[in-house]
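Structural description and commentary
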Amino acid sequence: MTDHNATSGYREIDGLPLTIVRGSELTTFAGHHPFYGLERTEAWHEDGAVLPFGVVAARARSRGAFVSIAHPFKLGDPLCTGCRMTADYDADDVDAIEVWYRRWDGADWDDRAAYDVWNRAWAAGKPLTALAARDWHGPAQESPFPGEEPF
């Protein structure tokens, strides 16, 4: 369970009949990056300056985080600042990539592009884990499990 630069959702999960992996979705100008396995979020800026993602990822990994890229090909600026992965990402900075995050055959479908990045990483000798995840930002993104959305 991750949220944008926050861990406050943890207060609402006690007693659920699920195994919850806690984390935080680091929301930066260079993409959204779920850091799984953290009890608190990782800062992506210091003393007024944006840190290189590799530095932030290394700090999170030193605390036991599993670092991912979320929805790498979602529309970016100016519609969603930071939603899209930047072209200069380094596969050595991440452990996983989200290859499925909305309907595979939906109108704004771009999961295939993420799937292709995942395959290229494997071909280059970097075995990234492929993930499926959902964003819940309101009722329009709710659907039954397992259904046609990632699960």
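Scroll up for the structure.
Residues numbered from 1 in each chain as written. Predicted model: local features only at pLDDT ≥ 70, side-chain atom pairs only at ≥ 80, totals over all residues. Heavy atoms only, no water.

1. Some details on the sheet that holds strand S6 (residues 96-100)
Working definition: the strands of a sheet are paired by backbone hydrogen bonds and lie parallel or antiparallel to each other. Selection criterion: DSSP-based pairing: two strands are paired if at least 2 bridges between them are found. Numbering of helices and strands runs from the N terminus, with a helix taken as a DSSP run of H or I at least four residues long and a strand as a DSSP run of E at least two residues long. Fitted lines through C-alpha atoms give the axes, limited to the stretch in contact for helices. The angle between two N-to-C directions lies from 0 to 180 degrees. Should any heavy atoms of two residues lie within 4.5 Å, those residues are counted as being in contact.
With respect to topology, 5 strands assemble into an open sheet ordered S1-S2-S5-S6-S7, the strand pairing being mixed. Strands at the two margins of the open sheet, each flanked by one partner only, are strand S1 (23-28) and strand S7 (129-132). Direction aside, neighbouring strands of the sheet carry axes that sit 35 degrees apart on average. As judged from the 6 bridges shared by S1 and strand S2 (residues 31-36), these two strands associate in the antiparallel manner. Residue pairing for S2: Glu25 is matched across the bridge by Pro34. Along the sheet, helix H1 (residues 53-62) contacts S1, S2 and strand S5 (66-69); its crossing angle with S2, the most-contacted strand, is approximately 15 degrees. Along the sheet, helix H2 (residues 111-123) makes contact with S6 and S7, crossing S6 at roughly 145 degrees.

2. Quick word on the packing of aromatic side chains
This is how it is decided: Put simply, two rings from Phe, Tyr or Trp (the six-membered ring, in Trp's case) pair if the centres are within 6.5 Å, and we call them stacked under 30 degrees between planes, edge-to-face over 60, tilted for the rest. Relative accessibility under 20% of the residue-type maximum defines a buried residue, over 50% an exposed one, and the middle range a partly exposed one, all with a 1.4 Å probe and only protein chains included.
Tallied over the full model, the rule gives 4 aromatic pairs. Centroid distance Phe35 to Phe53: 6.3 Å. Interplanar angle 55 degrees. Geometry classified as tilted. Here Phe53 lies in helix H1 and Phe35 lies in strand S2, a separation of 18 residues in the sequence. No difference in accessibility class separates Phe35 from Phe53, as the two residues are buried. Here Tyr115 and Trp118 contribute two aromatic rings whose centre-to-centre distance is 5.7 Å and whose plane-to-plane angle is 35 degrees, an arrangement assigned as tilted. Of this pair, Tyr115 and Trp118 are both found in helix H2, 3 residues apart, which corresponds to roughly one turn of the helix. Judged by relative accessible area, which is 28%, Tyr115 ranks as partly exposed. Here a set of aromatic residues connected by ring pairs shows up, and it is made of Tyr115, Trp118 and Trp122.

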